[in-house]
Amino acid sequence: MQGTGRVVSVHYLPAMLLLVHALCGSVDGKREIPVGAIFHQVPDHSYESEIAFRYAVERVNMHEKHFELVPIVRYVSPEDSFRTERKVCELAAEGVTAVFGPSSLLTAGIVGSVCKTLEIPHIITHWDPEPLGGIEAELRAMTINLYPEADVLSRALADLIVDYSWKSFTIIYDSDEGLMRLKDILQIHGPADAPITVRQIDDDPDYRPLLKDIQSSGESHIILEIRPDRILELLRQAKEVKMLEEYQSYIITSLDAHTIDFEELRYSRSNITALRLMDTKSFDIKNAVHDWEQGEARMKRPFRVSPEHVRTESALYNDAVKIYATAVRELDATEEITPARLSCGSKNLRQWPFGLRIVNYMKVKTEHGITGPIIFDDFGRRAHFHLDIIELSKDEGFKKIATWDPTHGVNYTRSQGEVYSQIVESLQNKTFIVASRIGAPFLMFKEKRDGEFLEGNNRFEGYSLELIDGISKILGFQYRMELVPDGKYGSYNKVTKKWDGLVKYLLDRKADLAVCDLTITYERRTAVDFTMPFMTLGISILYAKPVQQPKDLFSFLSPLSLDVWIYMATAYLGVSVLLFVLSRMAPADWENPHPCKQDNDEVENIWDMCNALWLTMGSIMGQGCDILPKAISTRLVAGMWWFFALIMLSSYTANLAAFLTMERMDATIESAEDLAKQSKIKYGVVMGGSTMAFFQTSNFSTYQRMWASMESARPSVFTKSNDEGRDRVIKGKRMYAFLMESTSLEYITERYCDLTQIGGLLDSKGYGIAMPVNSPYRTAISGAVLKMQEEGKLYQLKTRWWKEMRGGGQCTEVPNSSQENELGIGNVGGVFVVLALGCFCAFLIGILEFLWNVRKVAVEEKVTPWDALKAELKFALNIAVTSKPVHNTLSESTASGKSSLRSRSESRRGSELPGRGNSVRTAASLTNLDKSGFAFDKH
């Protein structure tokens, strides 16, 4: 930073300058206004500040026409309060109009007290905390501090930590003052947040034991509140103990961090962030540095410093001289400002009359200098300022990434595209260690062929491997798959307060990524980071499909029990007999067969046993009957029977379809509520998985009951893996259900056709790729996952590994709900059997009736049965005939009277039925007509 060639003569600069003024005088006629400055006798720290002060005075004098600032410099030790008081009194005796410095709290306090007494403006440029009892305005009436106000600067650090989302961090500090500077950071941490670790370093230059302790704790966020000369060495040792990897992040609180040469650490993987009070690319700072270098060159003292490495105190001295000269100039325009020699020990204490006016003017004046906008509050503190948030990069050293101010907070200056490009660039040629666990279809051992030797990533196959492979092709990194030793996903043990499984593997920095069916949960998010979900899912129930019952042809009889059918048959016969008896007894059911003949002495009753049975049968079948009873008693019996038949028919038809559907399956569960309400069917989850955590922490009463049931069940219902749960469901014979994530359940049901999913999803969540907290690659990997999703590659991967590979697609039939409720022939075939049997019986009865009628005709007509059969068959098969005369047996007394009628009838039938000529020879040969109207020969 500082150039070489500095000599001790720098301490004689005040004397030399005073000698020049004494010899030359004020040749340009400008009034001399002395200004004092006190620097510490530590050349490495104060040399640049003194140069900044002197050449700031020189630049002011180049532009002022009416006065000239004369710098008077004194040197003190940071711990020598007595000498400090004496030096400030010497400056007062020489008539200084302001005192700049010193830079330590102890000596600055003494100088401020003297300046307050003599009312000389006191301008400081260092951190000055607020006293415990609060600020007393009178004691600070003459003090102006250009260094950022302590509380506001602490708030800036707190805002940065909040913006970075640091939930936990470790503070390394080297002094009590340093810890005081971080009070706002300690206050933003709530009691429910992760603990903050505070570690102090002493004068021992070996920081490795401390850094190893921090590493073993798993902490990756570190705040360095130490002197600038210690920062580089601490980070060197952090690199030696592998605490400067990509997952560690450092925030350096010193405003002089940009002055450190980080060349040897520029290619470290850690994120190193610092704050800077000035814009090192501004014209003002370049102009000031030019003045310093040219002025020192004229004095034969080579001095080199780049604008990027200017110390904050030097810049503040430059701005302090500028703002003081502005106040003097503008007040001098109204009233000439004259210096006065003052004495500290005088009995008649005299104060400088212009001091308070100058200080008050500086408080209300807004200036802009090398360190940005300069605005003071009523106590002379710099309450408003701008900070640059800078980050160490490989190419440019510290690079500005954001700004901060009290009004707007953190405001990033780089775009998201720049951030993404930077991350992707850092991924090139990097090899990630990817942790996973065996579990189909996410990761499985590849099946070996005869004589084949597999190693490295070739040992595995599955969805997870192809997912990581796709991401690596997008981002350009390499990867190596490793199996987590305990094969667990990752759960937190509240007793040991430790994680296991994949989460522990990441916390131990043994892997960069973890990918499998790892669910994103709140608890895991507190320990590791996740990408955006690459698959969404929920908890569902795996259960065995219902056992299909054997088909029964007479299933239609099942809605009514055997007892009911017997009771119905008995009632049918009983009501029919009752109706027959009552109709024989009731006069109203005896009717005149010829209503037109009122003098007919005979009546007849149509309610024989056949008609009674037909009426009751028609009623129970819902068809009714053409004839009805007339008597009140028989009508009452018929009415009661119809009411009974209507109820039975309605009940039968309403229950038939439901019964025939339900009889094909066992009693089954349909939702989680069904499981919770019963105790016969046991159910469980994978031990230590996210599904188990869901039931453990749920506030829903149903799930709480289910968890209590699982926890108390003996033998245990928990399993070590999904495969074990699947096997238990198969062997459980519908007495065990397994609660698991829907993606794994879908994979199983694609290959085990006797298993099915019950109900919907109990929750909604996602699988994500896990990585250590504060991983710089999360944004890039999430972007790659999103790209694969938009291109449909995630869907293709799932289809491939769920429905195609390793036996997928065996159970592709998706039953239609409407078809499931349909009754097949196997269920109602008995109805057709009964109908066929009934028709067959009716056919046999019809043949018997036909043959009986043929016999009767043959007897009555005195023809052979064969002739009678042929004649009847011919008539029955002749479908053109639609009418048939009624046959009546005629007595001999009426035979002659009706011979002409028979002749006409025969002639008519002969013309209508030409086919009967073979059977009937002539009309004269007819002696009788059968009941069907046929004529037969008698030979």
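Residues numbered from 1 in each chain as written. Predicted model: local features only at pLDDT ≥ 70, side-chain atom pairs only at ≥ 80, totals over all residues. Heavy atoms only, no water.

### Focus: the UniProt feature "site: Interaction with the cone snail toxin Con-ikot-ikot" (unreviewed entry) in the protein chain
Here is the rule: UniProt positions are given in the numbering used here, feature names are shortened, and annotations may be inferred rather than shown by experiment. Each helix corresponds to a stretch of at least 4 residues labelled H or I by DSSP, and each strand to a stretch of at least 2 residues labelled E; elements are numbered beginning at the N terminus. The classification of residues rests on relative accessible area computed with a 1.4 Å probe and restricted to protein chains. Under 20% of the type maximum is buried, over 50% is exposed, and intermediate values are partly exposed.
When the UniProt feature table is mapped onto this chain, "site: Interaction with the cone snail toxin Con-ikot-ikot" (unreviewed entry) is found at Lys787. By secondary structure assignment, the location of Lys787 is in helix H25 (residues 778-790). Its relative accessible area of 38% is what places Lys787 among the partly exposed residues.

### What about a nonpolar patch on the surface?
Note the cut-off: Patch members must show over 30% relative accessible area and no salt bridge, and they are joined within 9 Å when carrying like charges or within 5 Å when they are nonpolar side chains of Val, Leu, Ile, Met, Phe, Trp or Tyr. We get accessible surface area from the Shrake-Rupley algorithm with a probe of 1.4 Å; when it comes to residues, only the shown protein chains can shield them. Within this document, salt bridges are pairs made up of a side-chain nitrogen of Lys or Arg and a carboxyl oxygen of Asp or Glu, the two lying within 4 Å of each other.
On the surface, Phe840, Leu844, Ile847 and Leu851 cluster together into a nonpolar patch covering about 340 Å² of accessible area. Along the chain, Leu851 turns up in helix H28 (residues 825-861).

### Considering the nonpolar core
So the rule is basically this: We define the nonpolar core as a collection of buried residues of types Ala, Val, Leu, Ile, Met, Phe, Trp, Tyr and Cys that are connected through side-chain atoms lying within 4.5 Å of one another. Residue ranges labeled as domains rest on an automatic or database domain assignment. The contact criterion used is simple: two residues touch if any of their non-hydrogen atoms lie within 4.5 Å.
Ranked by size, the top nonpolar core spans 94 residues in total, and within it Phe53, Leu69, Phe100, Trp292, Tyr324 and Ile358 carry the most contacts. Looking at this core element by element, the count peaks at 11 residues for helix H11 (residues 312-332). Lining this core are residues from two domains, each supplying at least three of them: domain 1 (31-147 + 312-382) and domain 2 (149-279 + 386-415). With sequence-adjacent residues up to four places away left out, Ile358 is seen in contact with Pro121, Tyr324, Ala327, Val328, Leu331, Ile337 and Trp352.

### Observations regarding the packing of H25 against helix H26 (residues 793-804)
Here is the rule we go by: Fitted lines through C-alpha atoms give the axes, limited to the stretch in contact for helices. The angle between two N-to-C directions lies from 0 to 180 degrees. To sort the angles, those under 35 degrees are grouped as roughly parallel, those over 145 as roughly antiparallel, those from 65 to 115 as roughly perpendicular, and the leftovers as oblique.
Viewed as axis vectors pointing N to C, H25 and H26 meet at an angle of 75°, and their least axial separation amounts to 5 Å. Taken as axis vectors, H25 and H26 run roughly perpendicular relative to one another. In this structure, H25 uses Val785, Met788 and Gln789 to contact H26, whose residues at the interface are Lys793, Leu794 and Leu797.

### Details of the sheet that holds strand S1 (residues 31-40)
Where strands meet in a sheet, backbone hydrogen bonds hold them as pairs that are either parallel or antiparallel. To be explicit about the condition: A pair of strands is treated as paired once DSSP finds two or more bridges between them.
The mixed open sheet is built from eight strands, whose spatial order is S2-S1-S3-S4-S5-S13-S12-S11. Each end of this open sheet is capped by a strand with a single partner; those strands are strand S2 (67-76) and strand S11 (367-369). Where strand S3 (residues 99-100) meets strand S4 (residues 122-124), two bridges bridge the pair, whose relative direction is parallel. Looking across to S4, one finds that Phe100 is bridged to Ile123.

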